[in-house]
Every structure is written in C-alpha cells, then in structure tokens.
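# Examining the three-dimensional arrangement
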Amino acid sequence: MFAAGLGQTVQDNTSGYMSPEYIRGEISIKTDVYSFGVLVLEIMSGRKHYATHNGQTEDLLTYIWEKWEQGTPEDSIDPILGNGLQEMMLRCIHIGLLGVQEDPRMRPTMAEVVIMLSSSTVTLPVPSRPAFLSTYSASYVSCTMTSDSVEYASRNDVTLAALSAR
C-alpha cells in the first residue's frame, strides 16, 4: 500500500498477475501467458482479480474455475457484454484458464494463444487446475477482511476461523 495524495490509500494489486514461478524467481516464456490469462478472465467476467462483493472477498481464479468445474462457465460472463458473441466469450474464458494453469509447461505460448484466438476451428485442450486457488472456497462461504484480521465462516455455521495480525 502507498499514499496516493490527499490522505488516500491505494492498494497495489499487481501481485495477482504474477505467475507462481515468477514469485519463486523463475522466469520463462510462460510467465507473461499467466498475466494475460488473468487479464482475459477479468475482462470476460467484469471482476477484479481480488474483489469484495457483499462484504466477502472473492478471488477471480477460484470463482471462474468453480463455474468451469460445474459446467456453467457462461455464468461467469459479465452481463454487460451481452449474449451476441457468447461462443467467443466462452472460448476466451477457456483460453484464459489455459493461461493460468498451475503447471507452466501446460500453459500455451503467446504464439499459440494468438492462433487460438484467431481461429475458431482450433481445438482447445482441457485446462487443468489454476494456480492460487482459494483454499477456503469449498468449505467457507463468508470471508471478512479488515486491516489487521481475516475471518472465515463455514457453510454450516459450525466453524469460524479468525486470523489476526500480531
């Protein structure tokens, strides 16, 4: 976080675009593909990488991946985009998921991404699990964050986990 002038504070969210291997200090031609994949998914869904909706923090990759696994990726498309080119929008989500796969060897190169985007006849491989999926997505439905703590509540209201800064 840094001061933006006039007492405003701005959070630097660029870490959401960094691939797991880049964070470990490894750079390859697949590093930028990860960032591109996140960007495509943000555009298609109309959501930020990490956003707060109704007081709950959601991460984009978990949200999109859960829709993909449920067989309803169209539910993640931003309604403002309309329904006119839904097949292309679903293809873009598919390509975005290919770009954020946990294993960089499974990600396409940018040259392959260009071919995938420019030809609807190219068959896309099935994406594997994205990197950085939220570990709380399956068992927790409520997440409240403040400047010094995080609180998760379970689906059945039996479990509450509260994490605080020291």
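Shown above is the structure to which this text applies.
Below or above, wherever it landed, is the structure these notes cover. These numbers were taken from a predicted model, which means no experiment stands behind them. (Residues numbered from 1 in each chain as written. Predicted model: local features only at pLDDT ≥ 70, side-chain atom pairs only at ≥ 80, totals over all residues. Heavy atoms only, no water.)

With that settled, the discussion passes to the packing of helix 3 (residues 60-69) against helix 4 (residues 86-99). At a closest axis distance of 11 Å, the pairing of helix 3 and helix 4 adopts a crossing angle of 115°. Relative to helix 4, the crossing made by helix 3 is left-handed. Contacts between helix 3 and helix 4 involve Ile-64, Trp-65 and Trp-68 on the former and, on the latter, Ile-93, His-94 and Leu-97. A breakdown of the residues in the contact of helix 3 with helix 4 according to their chemical character gives 5 nonpolar, 1 polar and no charged. (Axes fitted to C-alpha atoms, helices over the stretch in contact; angles between N-to-C directions. Helix = DSSP H or I, 4+ residues; strand = E, 2+ residues; numbered from the N terminus. Left-handed = near helix turned anticlockwise from the far one by under 90°. Contact = heavy atoms within 4.5 Å. Nonpolar A, V, L, I, M, F, W, Y, C, P; charged D, E, K, R; others polar.)

Take the packing of aromatic side chains next. Tallying each qualifying case throughout the model produces 0 aromatic pairs. Above the face of the Tyr-63 ring, Arg-47 is positioned so that its terminal group lies 3.8 Å from the ring centre. (Phe/Tyr/Trp six-rings, centres within 6.5 Å; stacked < 30°, edge-to-face > 60°. Lys NZ or Arg CZ within 6 Å of the ring centre and 35° of its normal.)

For the rest of this paragraph, the subject is the environment of Tyr-63. Position of Tyr-63 relative to the elements: it lies in helix 3. The spacing of Tyr-63 and Ser-76 is 13 residues in sequence and 7.8 Å in space, taken between C-alpha atoms. Other than its neighbours up to four places away in sequence, Tyr-63 contacts Arg-47, Asp-75 and Ser-76.

On to the packing of helix 4 against helix 5 (residues 110-118), then. Think of two packed helices as two axes; the pair is described by the angle between the axes and how far apart they sit. Two numbers describe how helix 4 lies on helix 5: the axes approach to 10 Å, and their chain directions differ by 165°. The angle between the axes of helix 4 and helix 5 places the two elements in the roughly antiparallel class. Classified by chirality, the crossing of helix 5 by helix 4 is right-handed. Listed contacts from helix 5 to Met-88, Arg-91, Cys-92, Ile-95 and Leu-98 of helix 4 are Val-113, Met-116 and Leu-117. Classifying every residue of the contact of helix 4 with helix 5 by side-chain character gives 7 nonpolar, no polar and 1 charged. (Parallel < 35°, antiparallel > 145°, perpendicular 65-115°, else oblique.)

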